[in-house]
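# Chains, contacts and geometry: an overview
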Amino acid sequence: MGMSPSDKEISDEDIKVFLEAIRLRSNYDFTNYSLKSLKRRIAKVLSDSRLSIQQLEKEIINNPLFMEKVVMSITVNTTELFRDPAIWITLRDEILPRYSNQSKINIWHAGCSTGQEVYSMMIVLEELDLLSKSEIFASDINSDVLEIAKTGMYKFRFNHSYFDNFVRVMQTGKEQSTEEKLFFHNKYFSIDKLNDCIQMKSLLTGKPVYKKIDLVKDENLFHVKFDLIICRNVIIYFNNDLQNKVFNLFYQNLHNNGCLLLGIHESMLGPYASQFVKKNSAYFKKEKLYNK
């Protein structure tokens, strides 16, 4: 039995050896990821697998399937339905209306994880009568979470409070009756409390195009330009060099006056900051004059 992370502190050198082993035996390269976040995630892998860091390194060298499992573990980002209600109010009132007169709206969820944010966005779009002319694209480095996103099936007890957040966002100033809430719920998803399940309706599940994309090294594999890119709580795991590489990818693939939406604890620093106009967590590409 191996030592737990608490038995032996993971050193920077341990992390470097671990990352090099992955880089040499796969297409994944985490060498420029935030060391702090990697340590935390690798510590959890060690705890779950009950291995020491040395045993973990040996196992990923000798067992490709195990290595893939470890990679999937350290690339999972937490997401919930309608996370951060204030962001959804901003999307509803300030960002999405900018594109309402267009014949088509292209939206990319970069680092979509298990897809709750993708479904939240589609519900907002439908409530604004914009879903039918919106093209929804979603990507993640982790193929396992993409499979979950495609199903649109989630745990009810974990997510149900976020639906109440969304109802409050979309019905500002109006108290909804139980019947109104039930109608709203039935339109977009079915709930099976007995089996602790929320299932998104086919109106939503059939809409997005999903692809496995590594933002650090891949190009835009959707081959379209976007009006809105949502990348929340992803770049926080990258160092400055990787962040700028990803910002370049987004900049090159945004339409004029397109919007990049980051997480509430993320910000754009460095050379690309001057190429956008910042408004809270939203960054508008500067090639067109920004008018509120």
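Please read all numbers here as calculations on a predicted model, not as lab measurements.

For the rest of this paragraph, the subject is the overall build of the protein chain. Scanning the protein chain from terminus to terminus reveals eleven helices and ten strands. Evaluated residue by residue, the protein chain yields a buried proportion of 50% over its 292 residues. The contacts in the protein chain between residues at least 6 apart in sequence include a share of 75% that link residues at least 24 apart. About 14,500 Å² of surface is accessible on the protein chain, with carbon and sulfur atoms providing 51% of the total.

Read across the sheet, three strands follow the order S3-S5-S4 without closing on themselves; strand pairing throughout is antiparallel. Strands at the two margins of the open sheet, each flanked by one partner only, are strand S3 (153-155) and strand S4 (189-192). Ignoring strand direction, the axes of neighbouring strands in this sheet form an average angle of 20°. Summarising the sheet, S4 and strand S5 (residues 197-200) pair through four bridges and their orientation is antiparallel. Note that in S5 the partner of Ser190 across the bridge is Gln199.

For the rest of this paragraph, the subject is the confidence of the model for the protein chain. The predicted model of the protein chain averages 85 in pLDDT, with 88% of residues at 70 or higher. Low pLDDT, under 50, characterises residues 1-7; the stretch is placed with eleven contacts to residues that sit more than four places away or in other chains.

We now examine the packing of aromatic side chains. Applying the stated rule across the entire model yields twelve aromatic pairs. Taken together, a centroid distance of 6.2 Å and an interplanar angle of 75° make the contact between Phe82 and Trp88 edge-to-face. Each of the two residues, Phe82 as well as Trp88, counts as buried. Measuring from ring centre to ring centre gives 5.6 Å for Phe137 and Phe226, while their planes differ by 80°; the resulting arrangement is edge-to-face. Placement of Phe137 in strand S2 (residues 134-140) and of Phe226 in strand S7 (residues 226-231) is noted, with a sequence separation of 89 residues between them. Phe226 carries the same exposure label as Phe137, and that label is buried. Among the aromatic side chains, those forming a connected cluster through ring pairs are Trp108, Phe137, Phe222, Phe226 and Phe250. Across from the ring centre of Tyr237, 4.1 Å away, lies the NZ or CZ of Arg41, which sits over that ring. Note that Lys285 overlies the ring of Tyr251, its terminal NZ or CZ placed 4.5 Å from the centroid.

Turning our attention to helix H2 (residues 35-49). Residues lying three or four places apart along an α-helix face the same way, a consequence of the helix completing one turn every 3.6 residues. Over its 15 residues, H2 extends 21 Å from the first C-alpha to the last, a length consistent with the 21 Å expected when each residue adds 1.5 Å. Of the residues making up H2, those classed as buried are Ser37, Leu38, Arg41, Ile42, Val45 and Leu46. The positive-phi residue at the C-terminal boundary of H2 is Arg50, with phi of around 55°.

Before going further, it helps to examine the pairing of strand S9 (residues 276-279). Two elements, S9 and strand S10 (residues 282-285), share four bridges in a ladder whose sense is antiparallel. Of the residues in S10, the one forming a bridge with Lys279 is Ala282. Counting the residues that bridge the hairpin from S9 to S10 gives two residues, and of these Asn280 lies at a positive phi of roughly 60°.

With respect to the helices, strands and loops of the structure, Ser120 is situated in helix H6 (residues 116-127). Here Ser120 falls in the buried class, since its relative accessible area comes to 0%. Looking at Ser120, its side chain comes within polar contact range of the main-chain oxygen of Gln116, at 2.8 Å. Excluding anything up to four places from it in sequence, Ser120 contacts Leu81, Phe82 and Trp88.

Right, let's talk about the nonpolar core for a bit. With 51 residues, the main nonpolar core has Phe18, Phe30, Leu56, Trp108, Leu215, Phe250 and Leu260 as its most contacted residues. Elements with a contribution of two residues or more to this core: helix H1 (12-25), H2, helix H3 (53-62), helix H4 (64-74), strand S1 (105-110), S7, helix H11 (240-252) and strand S8 (254-262). Look past the residues within four positions of Phe18 in its chain and what remains in contact with it is Ile42, Ile53, Leu56, Glu57, Ile60, Val70 and Ile74. Formed by 44 residues, the second largest nonpolar core is a distinct cluster that contains Trp88, Cys112, Leu228 and Cys259.

Let's shift gears to the environment of Asn248. Within the secondary structure, Asn248 is located in helix H11. For Asn248, a relative accessible area of 29% gives the class partly exposed. A sequence separation of 23 residues divides Asn248 from Pro271, and the C-alpha atoms of the two residues are 9.6 Å apart.

What follows deals with helix H7 (residues 143-151). Among the residues of H7, those classed as buried are Val145, Leu146 and Ala149. Buried positions in H7, seen along its axis, are confined to an arc of 105° and lie on one side of it. Tucked into the core, H7 has its buried residues touching H6, S2, S3 and strand S6 (209-212). Its side-chain oxygen 2.9 Å from the backbone nitrogen of Asp144, Asn142 forms the N-cap of H7. Positive phi shows up at Gly152, right after H7, with a value of about 65°.

Thresholds, definitions, all that
- Residues numbered from 1 in each chain as written.
- Predicted model: local features only at pLDDT ≥ 70, side-chain atom pairs only at ≥ 80, totals over all residues.
- Heavy atoms only, no water.
- Helix = DSSP H or I, 4+ residues; strand = E, 2+ residues; numbered from the N terminus.
- Buried < 20%, exposed > 50% of the residue type's maximum accessible area, 1.4 Å probe, protein only.
- Contact = heavy atoms within 4.5 Å.
- Areas by Shrake-Rupley, 256 points an atom, 1.4 Å probe, with all protein chains shown as cover.
- Pairing = 2+ DSSP bridges.
- Axes fitted to C-alpha atoms, helices over the stretch in contact; angles between N-to-C directions.
- pLDDT = per-residue confidence, 0-100.
- Phe/Tyr/Trp six-rings, centres within 6.5 Å; stacked < 30°, edge-to-face > 60°.
- Lys NZ or Arg CZ within 6 Å of the ring centre and 35° of its normal.
- Expected span 1.5 Å × (residues − 1).
- Polar contact = N/O pair within 3.5 Å; in protein donor to acceptor, adjacent residues only side chain to side chain.
- Core = buried A, V, L, I, M, F, W, Y, C linked by side-chain atoms within 4.5 Å.
- Arc of directions from axis to C-beta.

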